Amino acid sequence: MSTFSYFPHTEDDIKEMLQRIGVSSLDDLYADVPAEFIFKGQYDLPDAMSEQQIREHFAALDSRNTKLKIFAGAGAYDHYTPSVVPYLAARSEFSTAYTPYQAEISQGTLRYIFEYQSMICELTGMEISNASMYDGPTAAAEAMFMAMACTKKKTRVLLSDTLLPNVRRVVETYAGFHGVQLGNIAQKDGQTSLEALKAELAAGDVAGIIVPAVNRFGIVEDFTGFAEAVHEAKAIVVEYCDPSVLAVIKTPGDWGFDVAVGDGQPLGLPLNFGGPYVGFMACSKEHVRKLPGRIVGQTEDKEGRRCFVLTLQAREQHIRREKATSNICSNESLMALYVTIYLSLMGPEGLHKVNSLSSCGAHYLHDELLATGKFEEVFDKPYVKEFVLKPLVPVEKLQQALLDAGYFGALATDEGYVSFCVTEKRTKAEIDGLAAVVKGL
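What counts, and where the lines are drawn
Residues numbered from 1 in each chain as written. Predicted model: local features only at pLDDT ≥ 70, side-chain atom pairs only at ≥ 80, totals over all residues. Heavy atoms only, no water. Helix = DSSP H or I, 4+ residues; strand = E, 2+ residues; numbered from the N terminus. Buried < 20%, exposed > 50% of the residue type's maximum accessible area, 1.4 Å probe, protein only. Areas by Shrake-Rupley, 256 points an atom, 1.4 Å probe, with all protein chains shown as cover. Lys, Arg positive; Asp, Glu negative; His and termini not counted. Charge placed at Lys NZ, Arg CZ, Asp CG, Glu CD. Pairing = 2+ DSSP bridges. Patch = residues over 30% accessible without salt bridge, like charges linked within 9 Å, V, L, I, M, F, W, Y side chains within 5 Å. Salt bridge = Lys/Arg side-chain N within 4 Å of Asp/Glu carboxyl O. Right-handed = clockwise from strand over helix to strand, strands pointing away. Polar contact = N/O pair within 3.5 Å; in protein donor to acceptor, adjacent residues only side chain to side chain. Contact = heavy atoms within 4.5 Å. Axes fitted to C-alpha atoms, helices over the stretch in contact; angles between N-to-C directions. Expected span 1.5 Å × (residues − 1). Arc of directions from axis to C-beta. Core = buried A, V, L, I, M, F, W, Y, C linked by side-chain atoms within 4.5 Å.

A short note on the overall build of the protein
For step 1, the next point in the chain: When its secondary structure is counted, the protein shows 13 helices and 17 strands.
For step 2, the next point in the chain: Projecting the C-alpha coordinates of the protein onto the three principal axes gives extents of approximately 75 × 60 × 55 Å.
For step 3, the next point in the chain: Burial status across the protein gives 49% buried among its 441 residues.
For step 4, the next point in the chain: With an accessible surface of roughly 23,100 Å², the protein has 53% of that area assigned to carbon and sulfur atoms.
For step 5, the next point in the chain: Both charge centroids of the protein, one from 41 positive and one from 57 negative side chains, sit 4 Å from each other.

Written out as structure tokens, the structure reads:
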């Protein structure tokens, strides 16, 4: 019999292994650990409970959580997830699927990854998409490496000052351990400055730039002249995108950019306390060989039936290690499935409706907050669902008043502004309630 119910090893097995390594007991394995660090008491584990008791126990724990109405964004958005999305994603053929290397038994997984890639390409206006990445910030970091690989021998990548802070920090972390020099593109009036970009390009050695489609102030940026300037310097442009908003603004493809990255969280993934999320990455066909990850393609079997295969997988197992770009081998496939189902359900009309409702709510809240006399306008620039204002009351007092009333918003920026975000889930009554709290300060 085994000492541990779920371990396959018998007492004889354990004795034989201990003899092989020259010790007499399992305790001897910890001989180098100081005695004061070894726990000798009994674990404080609760008694077993019935199913009903377990449900009541967790319901009681959940009741201790404060449920807040979310008026914050900054890269993670409280959009509606249709109930059919988690239902379908929880089906065993999806939730237990792993890597689709054996095409003959992975057609379901390969198909939805293919559909995911196709819809990401449609959203971004790019020609090629990989099969998803960990999250938006790490996708941006991979795009930095891609810029270096595409241009060769250049050592600098420029980051816009209007990128989300968490995206910048992740890119900086990756760059610090790979010898990539980062430069900055200053902002002017809340947008990436074309003049500042041209000055940096003139200094030379630029492999690429990373700019946001919708920036940390919520502004939809105007990139007229950016692609021409960067391509003239033999560099590439990476755009960091909110994929939901791409349904109603110019896409990276429309701007003539080379790579599009971002986080797929707004496309059907609940906030989940910060994850798991899913990064997306798409590019022009010219740069496909430098795209990390893998690509699923459509083909025909010997009987002429439509089927799917891994078309490109630049992994160390298949090509020379120095040529490999597959930093992420087991992609966020289940999260990509969420995105695929969500986009299939919403379609272009649904995404337009999401953005229309969000935009109407955001502009209404913006005007109501200004009417309280507690804020000043900062930028008179186009935005969809997120904006910043300058508070005329202490930020900490504002945030605490909102929290006490059940609202989460007014995220502070380095400049002393606060940001608010409205999605289609927020009602007029909730918006009026938030404005009333501010009015009472």
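Okay, back to it.
Points about the sheet that holds strand β13 (residues 375-377)
For step 1, the next point in the chain: Ordered in space as β13-β14-β17-β16, the four strands form an open sheet in which the pairing is antiparallel. In the strand order of this sheet, the two ends are held by β13 and β16 (411-412), each with one partner.
For step 2, the next point in the chain: Relative to strand β14 (residues 386-391), β13 is paired through three bridges, and the arrangement is antiparallel. Paired with F375 across the strands is P391, a residue of β14.

A closer look at a nonpolar patch on the surface
For step 1, the next point in the chain: The grouping of I21, L26, L29, Y30, V33, F37 and I38 at the surface amounts to a nonpolar patch, some 690 Å² of accessible area in total.
For step 2, the next point in the chain: Among the secondary structure elements, V33 is positioned in the loop between α1 (11-21) and α2 (51-63).

Quick notes on the pairing of strand β4 (residues 181-185)
For step 1, the next point in the chain: As judged from the five bridges shared by strand β3 (residues 156-160) and β4, these two strands associate in the parallel manner. Looking at β4, one finds that L159 is bridged to N184.
For step 2, the next point in the chain: Once you follow β3 into helix α7 (residues 165-176) and on to β4, the crossover reads as right-handed.

Looking at the side chain of D78
For step 1, the next point in the chain: The residue D78 is located in the loop between β1 (69-71) and α3 (84-89) in this model.
For step 2, the next point in the chain: In this structure D78 comes out as buried when scored by relative accessible area, which is 11%.
For step 3, the next point in the chain: Among the polar contacts made by the side chain of D78, one reaches the side chain of R426 at a distance of 2.9 Å.
For step 4, the next point in the chain: Leaving out residues up to four positions away in the same chain, D78 has contacts with I70, L271, T423, K425 and R426.

What about the sheet that holds β3?
Working definition: the strands of a sheet are paired by backbone hydrogen bonds and lie parallel or antiparallel to each other.
For step 1, the next point in the chain: Strand order in this open sheet of seven strands is β2-β10-β9-β8-β7-β3-β4, and the pairing throughout is mixed. The open sheet is flanked by β2 (128-129) and β4, the only strands paired with a single partner.
For step 2, the next point in the chain: Those strands touched by helix α5 (residues 107-124) are β2, β9 (259-263) and β10 (279-283), and its axis lies near 70° from that of β10.
For step 3, the next point in the chain: Along the sheet face, α7 touches β3, β4 and β8 (236-241) and points at about 155° away from the line of β4.

Some thoughts on helix α13 (residues 428-439)
For step 1, the next point in the chain: The first and last C-alpha atoms of α13 sit 16 Å apart over 12 residues, in line with the 16 Å expected at 1.5 Å per residue.
For step 2, the next point in the chain: Those residues of α13 not exposed but buried are E430, I431, L434, A435, V437 and V438. Along the axis of α13, the buried positions cluster into a sector of 155°, meaning they face one direction only. Opposite the buried face of α13, at more than 90 degrees from it, the exposed residues are K428, A429 and K439.

Let's talk about the pairing of strand β17 (residues 418-421)
For step 1, the next point in the chain: Because side chains alternate across β17, one face comprises the buried residues V418 and F420, and the other comprises S419 and C421, equally buried.
For step 2, the next point in the chain: Sheet topology places β16 next to β17; two bridges connect them, and they run antiparallel. Bridge pairing in β17 places A412 opposite V418.
For step 3, the next point in the chain: Where β16 hands over to β17, the hairpin turn is made up of five residues, of which G416 adopts a positive phi near 90°.

Focus: the pattern of salt bridges
Where charged atoms from two side chains of opposite charge come close, those side chains can pair.
For step 1, the next point in the chain: For the structure on display, the rule yields 16 salt bridges.
For step 2, the next point in the chain: Two residues, K67 and D62, come together in a salt bridge whose shortest N-O distance is 3.5 Å.
For step 3, the next point in the chain: Taking the relative accessible area as the measure of exposure, K67 reaches 55% and is therefore exposed.
For step 4, the next point in the chain: When its relative accessible area of 38% is taken as the criterion, D62 is described as partly exposed.
For step 5, the next point in the chain: Notably, a salt bridge pairs D78 with R426, separated by 2.9 Å at the nearest N-O pair. Taken together, the residues span a long stretch of sequence, with D78 in the loop between β1 and α3 and R426 in the loop between β17 and α13 at a distance of 348 residues. Accessibility classification places D78 together with R426 in one group, the buried group.

Quick look at the nonpolar core
For step 1, the next point in the chain: By size, the foremost hydrophobic cluster in this structure holds 42 residues, and its most contacted members are I249, Y342, L343 and L351.
For step 2, the next point in the chain: Sorting the residues of this core by element identifies α3, α5, β10, β12 (306-313) and α11 (333-371) as the ones contributing at least two each.
For step 3, the next point in the chain: The greatest single-element share of this core, amounting to 11 residues, is contributed by α11.
For step 4, the next point in the chain: With sequence-adjacent residues up to four places away left out, L343 is seen in contact with M119, L123, L267 and L351.

Topic: the environment of E349
For step 1, the next point in the chain: With respect to the helices, strands and loops of the structure, E349 is situated in helix α11.
For step 2, the next point in the chain: Of the residues examined, E349 reaches a relative accessible area of 70% and is grouped as exposed.

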